[in-house]
Amino acid sequence: MPSDLASGALFGILGLLIGSFLNVVIHRLPQMMERQWATEIEQYSLESDASSMRSDAGANSIAPQEAFNLWTPRSRCPSCGNEVRWYENIPVLSYMFLRGRCSACKCRISPRYPLVELLTGSIFYFCGIQWGLTMPAAIWCAFSAALVALAFIDWDTTLLPDDITLPLLWGGLLAAALGYLSVPLFSSVMGAVGGYLSLWTVYWAFKLTTGKEGMGYGDFKLFAALGAWFGWQALIPIILIASVIGALVGIGMKLNKSLREGAYVPFGPFLVGAGFAAMFFGSDQILRTVLGVLGL
């Protein structure tokens, strides 16, 4: 038991640090994607306007932009632009020391930053307790970090970036192939295929029936990734719990009149929640729980 607690504490501290980095990923990755799209559109416009390029020698090049990625520039206060110093970026503690406000302009800092850090640290702690100082623990920590980032990005922007979903998918298949998961490789592959095709089928059935898009392709890829990690047997429990929780949250937001324009709720965060439930309790347990709640 002491060794388990030590492993949990070590992973928990690592999770706090990773959570701080995930805050950067959640904030910047969608902006990086938008900048890339804007650059590609601009480049396409320049290439398609042949006459303009011939008449203007400088029109076939795009003005260089300031570097913007997960590492550059350093974090700044969005209100005053004050650069965040290293001792103001210590997970959770810095937020408490600063009392949730910028050290320069005293503008309020969102409490979501320490919450993401605490959430990630808690999940990493669970992995350390569950698997100890082992490779499976590290692998499940990586899985958890990806899910945390995806949940918040999707909630904020309705985007599920390929930069996260595809490595998550291939990571599950590779972990199964190497024997680090309790899921056989065949079950993992079938889970990935079944997860993608099931939501793809629902998407097209809904679109052909109503003319509207009920979900995005990112949801297919995320569900496929969860199938790769937990096997095809877990697909029904995961989609059931995600749908039930999503419906309850959607109804609550509608009653509270807090739905966004278009009356939509992103599905990714609920898939993430179901994925964590499968990791914590096992897919069989969450299926029994959901069926019990539904009275089946």
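Presented here is an overview of the structure given in this document. (Residues numbered from 1 in each chain as written. Predicted model: local features only at pLDDT ≥ 70, side-chain atom pairs only at ≥ 80, totals over all residues. Heavy atoms only, no water.)

Some remarks on the nonpolar core
One broad rule of soluble globular proteins: the nonpolar side chains tend to lie buried together.
Here comes step 1: F143, L147, L168, L222, F230, I238 and L271 are the most contacted members of the largest nonpolar core, which totals 58 residues.
Here comes step 2: At the level of elements, α1 (2-48), α4 (112-131), α5 (135-157), α6 (162-177), α7 (185-210), α8 (217-230), α9 (235-255) and α10 (268-281) are the ones that each hand at least two residues to this core.
Here comes step 3: For this core, the leading source of residues is α5, giving 13 residues. (Core = buried A, V, L, I, M, F, W, Y, C linked by side-chain atoms within 4.5 Å. Buried < 20%, exposed > 50% of the residue type's maximum accessible area, 1.4 Å probe, protein only. Helix = DSSP H or I, 4+ residues; strand = E, 2+ residues; numbered from the N terminus.)

Remarks on the packing of aromatic side chains
Here comes step 1: Under the definition given, this model contains 16 aromatic pairs.
Here comes step 2: Geometrically, the ring pair formed by W131 and W140 is stacked, given 5.7 Å between the ring centres and 10° between the ring planes.
Here comes step 3: Aromatic side chains W140 and F143 sit 5.0 Å apart centroid to centroid with 80° between the ring planes, which places their arrangement in the edge-to-face category. Here W140 and its partner F143 are both found in helix α5, three residues apart, which amounts to about one turn of the helix. Each member of the pair, W140 as well as F143, carries the same accessibility label: buried. (Phe/Tyr/Trp six-rings, centres within 6.5 Å; stacked < 30°, edge-to-face > 60°.)

Quick word on the packing of α8 against α9
Here comes step 1: Across the interface, α8 lies against α9 with an axial gap of 10 Å and an inter-helix angle of 135°. Taken as axis vectors, α8 and α9 run oblique relative to one another. Of the two elements, α8 crosses α9, and the hand of that crossing is right-handed. Here α8 contributes F223, L226, G227 and F230 to the contact with α9, which in turn contributes L235, I238 and I239. (Axes fitted to C-alpha atoms, helices over the stretch in contact; angles between N-to-C directions. Parallel < 35°, antiparallel > 145°, perpendicular 65-115°, else oblique. Left-handed = near helix turned anticlockwise from the far one by under 90°. Contact = heavy atoms within 4.5 Å.)

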